[in-house]
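Residue strings, one per chain:
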Amino acid sequence: MTGAQRREQLLEIGRGLFAEKGFEGTSVEEIAATAGVSKPVVYEHFGGKDGLYAAVVELETRKLLDAMTVALTLPNAPRQVLEIAAVTLLDYIEEETDGFRILVRDSPITKSDGGFASLLSDVAGHVEYILGEQFASRGFDPQMAPLYSQMLVGMVAFTGQFWLDHRKPEKAVVAAHIVNLAWNGLTGLEAQPQLRSKPRRTGGETSHG
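Rules used in this analysis
- Residues numbered from 1 in each chain as written.
- Predicted model: local features only at pLDDT ≥ 70, side-chain atom pairs only at ≥ 80, totals over all residues.
- Heavy atoms only, no water.
- pLDDT = per-residue confidence, 0-100.
- Helix = DSSP H or I, 4+ residues; strand = E, 2+ residues; numbered from the N terminus.
- Contact = heavy atoms within 4.5 Å.
- UniProt positions renumbered as here; feature names shortened; annotations may be inferred.
- Axes fitted to C-alpha atoms, helices over the stretch in contact; angles between N-to-C directions.
- Parallel < 35°, antiparallel > 145°, perpendicular 65-115°, else oblique.
- Left-handed = near helix turned anticlockwise from the far one by under 90°.
- Nonpolar A, V, L, I, M, F, W, Y, C, P; charged D, E, K, R; others polar.

**Topic: the confidence of the model for the protein chain**
Alright, step 1. Looking at the protein chain, the pLDDT average stands at 84 and 91% of residues meet or exceed 70.
Alright, step 2. Here helix H7 (residues 115-137) is the element of the protein chain with the lowest mean pLDDT, 77, and helix H2 (residues 28-35) is the one with the highest, 97.
Alright, step 3. Between residues 108-112, whose pLDDT stays under 50, and residues either more than four places distant or in other chains, the model counts 10 contacts.

**What to know about unusual backbone geometry**
Alright, step 1. Cis geometry marks the peptide bond from Lys 168 to Pro 169, where omega comes out at -10°.
Alright, step 2. Structurally, Pro 169 is set in the loop between helix H8 (145-166) and helix H9 (171-187).

**Focus on the UniProt feature "domain: HTH tetR-type" (unreviewed entry) in the protein chain**
Alright, step 1. UniProt records the feature "domain: HTH tetR-type" (unreviewed entry) for residues 4-64 in the present numbering.
Alright, step 2. End C-alpha atoms of residues 4-64 are separated by 23 Å, and the span's content is 82% helix alongside 0% strand.

**Describing the packing of helix H5 (residues 78-95) against H9**
Alright, step 1. At their nearest, the axes of H5 and H9 sit 9 Å apart, and the two run at 140° to each other. What the angle tells us is that H5 and H9 run oblique. Two packed elements cross with a definite hand, and for H5 against H9 that hand is right-handed. Contact with H5, carried on its side by Pro 78, Arg 79, Leu 82, Glu 83, Ala 86, Val 87, Leu 90, Asp 91 and Glu 94, involves Lys 171, Val 174, Ala 175, Ile 178, Val 179, Ala 182 and Trp 183 of H9 and no other residues of that element.
Alright, step 2. Class assignment of the residues belonging to the contact of H5 with H9 gives a composition of 11 nonpolar, no polar and five charged.

Structure below.
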């Protein structure tokens with residue numbers, strides 16, 4: 001086996017073990033034993049478990065980001081772009097389940113420096129550009145586009161995690177419902193939204209009414 005082939009083998013083995021057991025639950029000894037090599041071989045290629053994990057995360061992040069970038073930059077109408085993006089994410093979850101589990105398990109969305117968080121930030125940047133154009137053309141404040149892009153991407157990402165565990169309903173149905181909520185929400189958007197009820201006070205203050 002050449003050095004390049006060995007590296008690919010270790011990446012694939014690491015990917016499977018990290019997906020099954022998480023970063024903390026996986027050891028260099030187990031990686032080496034599964035590959036049929038000694039521990040120094042793992043260190044030689046990746047410098048240890050941390051390096052292997054980083055390489056796996058980078059590979060998965062790039063794989064999904066490339067697919068999402070294509071989906072979000074195709075010359076389609078806005079609704080079609082949204083549909084394609086939702087299906088693209090669900091396709092990745094279905095076809096690359098181990099990779100998605102690694103991204104969301106050890107790099108949760110709420111962790112700002114996580115692989116998945118970085119990925120979502122990149123995707124949101126593309127969505128922001130699309131929404132900004134739509135907002136401007138409809139007389140809405142384009143400065144709100146970054147906020148709405150985070151909402152949309154977060155909604156799709158959390159739905160994808162839910163579907164990963166349940167796998168029901170079918171992928172096309174899930175995508176259709178995502179688009180239904182997002183698109184109909186956008187088409188009924190108010191230019192100057194206001195809360196219709198007075199928020200209750202928090203932090204130990206008492207609300208009198």
